[in-house]
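# Inside the fold
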Amino acid sequence: MPSTTLPTPGAVPGDPWSELERLLEDLANASRAVPPPAPEIFYRELLERTVAGLAAAGGLVWERANDGTVRRTAAQRPGDLSPTALEDFSHSGTQRLERIVTAEQPRAVAPGSADDARNRTPYLLLQSSWRGADGVAGVLEILQRPGASPAAQSGYLHFLSLVCELAGDFERRRSLRELQEQNQFQSRVLELAANVSRSLELAPTAYDLVQEARRILGVDRVSLLQVRGRHCRVMAVSGVDKVERRSGLIRKLENLTELVVSTKRAGWYLDSPTGIPPRILSVLQDLLVESGARRLGVLPLSATGSDAEDNSEAGSEKERILGALIIEQFRAAGDAETLRRRSEAV
């Protein structure tokens, strides 16, 4: 936890030192929590506590990607600022944040400023940034009621810098944790490849593959299908010793896979049907009603070779789809993009 040397008396009016110290200690504990909170939850708590600690009107939290793009992670609207005005303020965030990201120093911007800070609100804008493993990772903006003395403004900014140090600790721990998890995941994938290659018998190998893939990905169900021409056949389903060919669910899994495989691309349903072609969506929705899945992915499994029957080319070779994996989650747990990335790695 960073030093909690706080501003001089009166710099943050209405808040005793003990309250501010307790607030910083709570945020430090949240940043070190095991298991860690999701970034959205952590930053929402950080914003709420900072606004309360400074007796401010509201604020925004921005996360910054390595390519320089920013996205709003949390927002608290002042009661006398309309939702439209807050959205207008947010939309100008990219230009407004450039200076604070470059300087990496907290600053206060007067109400109604139309310069590069673009503070067109009736509030004093307080800004501070934090660093992650690869540079500036985010910015905290607080909308404070105007009229504070220079000493009070200095106190506000000092307090914000302490809060942002804790946000930086959270980001660095998060990056380290993701790296460790990625290394563990890669080791498990190699272990999976070694395990399933021990047997030349198709049925036991298919069964072992879906069991191990389910464990590695942390999902609720994995199915393996064989592709023959335009038709697909379910070979194994995790948690099931024998596939029931007459099951309506099995037939729907096969129907959906045939449509997705025909596109030669992975198909994903991640909490919403955005981007799914209509002819696939109708079959998918029918399947979701029966399976109860909240997230579902169909991943074609392909091989390359000069004698492949498929007409699609990959460099000088042609690609032939041999099978497909279906990944299902019955509750939306964890980050959807992480699920997609890891599933495609398997």
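Everything quoted here is computed from the prediction, not taken from an experiment.

### Re the overall build of the protein chain
Across its full length, the protein chain carries nine helices and eleven strands. The burial tally for the protein chain puts 43% of its 346 residues in the buried class. Of the contacts made within the protein chain by residues no fewer than 6 positions apart, 60% connect residues no fewer than 24 positions apart. Put simply, the protein chain shows about 18200 Å² of open surface, and 48% of that area lies on carbon and sulfur atoms.

### Concerning the packing of aromatic side chains
Considering all chains together, one arrives at four aromatic pairs under this definition. The interplanar angle of 10 degrees and the centroid separation of 4.0 Å between the aromatic rings of Phe42 and Phe170 together place this pair among those described as stacked. With Phe42 in helix α2 (residues 39–53) and Phe170 in helix α5 (residues 150–196), the pair connects residues that are 128 residues apart, well separated along the chain. For Phe42, a relative accessible area of 0% puts it in the buried group. Owing to a relative accessible area of 1%, Phe170 belongs among the buried residues under this scheme. With centroids separated by 5.3 Å and ring planes inclined at 20 degrees, the aromatic side chains of Tyr43 and Trp130 adopt a geometry described as stacked.

### Details of the pattern of salt bridges
Per the stated rule, a full pass over the model turns up 18 salt bridges. Put simply, Glu25 and Arg32 hold a salt bridge, and the shortest N to O gap is 4.0 Å. On the basis of relative accessible area, Arg32 is assigned to the partly exposed category, the value being 34%. Across the pair Arg221 and Glu328 runs a salt bridge, and its minimum N-O distance is 2.7 Å. Here Glu328 lies in strand β11 (residues 317–329) and Arg221 lies in strand β6 (residues 221–228), a separation of 107 residues in the sequence.

### What about the side chain of Glu63?
Within the secondary structure, Glu63 is located in strand β1 (residues 58–64). A polar contact is formed between the side chain of Glu63 and the side chain of Thr73, at a distance of 3.0 Å. Within the structure, the side chain of Glu63 is placed 3.0 Å from the side chain of Arg174, a separation counted as a polar contact. Not counting residues up to four positions away in its chain, the partners in contact with Glu63 are Pro39, Tyr43, Thr69, Val70, Arg71, Thr73, Ala137, Gly138, Glu171 and Arg174.

### Description of the pairing of strand β4 (residues 124–132)
Counting buried positions along β4 yields eight of nine residues, so the element is predominantly enclosed. Relative to β4, strand β3 (residues 107–109) runs antiparallel, the two being bridged by three bridges. Following the sheet pairing, Val109 is matched in β4 by Leu125. Where β4 folds back on strand β5 (residues 135–144), the antiparallel hairpin that results is connected by two residues.

### Focus on helix α7 (residues 248–263)
Side chains of residues three or four places apart in an α-helix project in the same direction, reflecting 3.6 residues per turn. For α7, which comprises 16 residues, the first-to-last C-alpha distance of 24 Å matches the rise-based estimate of 22 Å (1.5 Å per residue) to within 8%. Listed in full, the buried residues belonging to α7 are Leu249, Ile250, Lys252, Leu253, Glu254, Leu256, Thr257, Leu259, Val260 and Val261. Looking at where α7 begins, the residue whose side-chain oxygen comes 3.2 Å from the main-chain nitrogen of Leu249 is Ser247. Following α7 by one or two positions, Lys264 has its phi on the positive side, about 60 degrees.

### Description of the nonpolar core
Nonpolar side chains in soluble globular proteins generally cluster together in the buried interior. Formed by 32 residues in total, the largest nonpolar core has its most connected members in Leu46, Leu54, Val61, Leu126, Trp130, Leu140 and Ile142. Of all elements in the fold, only α1 (17–31), α2, β4, β5 and α5 reach the threshold of two or more residues within this core. For this core, the leading source of residues is α5, giving eleven residues. By size, the runner-up hydrophobic cluster in this structure holds 26 residues, among which are Val227, Val260, Val261 and Leu281.

### Describing helix α6 (residues 202–217)
When the terminal C-alpha atoms of α6 are compared, their 22 Å separation across 16 residues agrees well with the 22 Å that a helix rising 1.5 Å per residue should span. Immediately downstream of α6, the backbone of Gly218 shows phi near 70 degrees, a positive value.

### Here we look at the confidence of the model for the protein chain
With 83% of its residues at a pLDDT of at least 70, the protein chain reaches an overall mean of 83. With pLDDT under 50 throughout, residues 3–12 is counted as low confidence; its partners more than four residues away or in other chains account for 28 contacts. Within the model, the stretch residues 305–317 combines pLDDT values under 50 with 15 contacts to residues more than four positions away or in other chains.

### A word on the environment of Ser272
Tracing the backbone through its elements, the reader meets Ser272 in the loop between β8 (267–270) and α8 (278–291). A residue is classified by how much of its surface remains accessible, and Ser272, at 30% relative accessible area, is partly exposed. In sequence terms Ser272 and Arg295 are 23 residues apart; their C-alpha atoms lie 8.6 Å from each other. In this structure the side chain of Ser272 is engaged in a polar contact, spanning 3.2 Å, whose partner is the side chain of Thr274.

What counts as what
Residues numbered from 1 in each chain as written. Predicted model: local features only at pLDDT ≥ 70, side-chain atom pairs only at ≥ 80, totals over all residues. Heavy atoms only, no water. Helix = DSSP H or I, 4+ residues; strand = E, 2+ residues; numbered from the N terminus. Buried < 20%, exposed > 50% of the residue type's maximum accessible area, 1.4 Å probe, protein only. Contact = heavy atoms within 4.5 Å. Areas by Shrake-Rupley, 256 points an atom, 1.4 Å probe, with all protein chains shown as cover. Phe/Tyr/Trp six-rings, centres within 6.5 Å; stacked < 30°, edge-to-face > 60°. Salt bridge = Lys/Arg side-chain N within 4 Å of Asp/Glu carboxyl O. Polar contact = N/O pair within 3.5 Å; in protein donor to acceptor, adjacent residues only side chain to side chain. Pairing = 2+ DSSP bridges. Expected span 1.5 Å × (residues − 1). Core = buried A, V, L, I, M, F, W, Y, C linked by side-chain atoms within 4.5 Å. pLDDT = per-residue confidence, 0-100.

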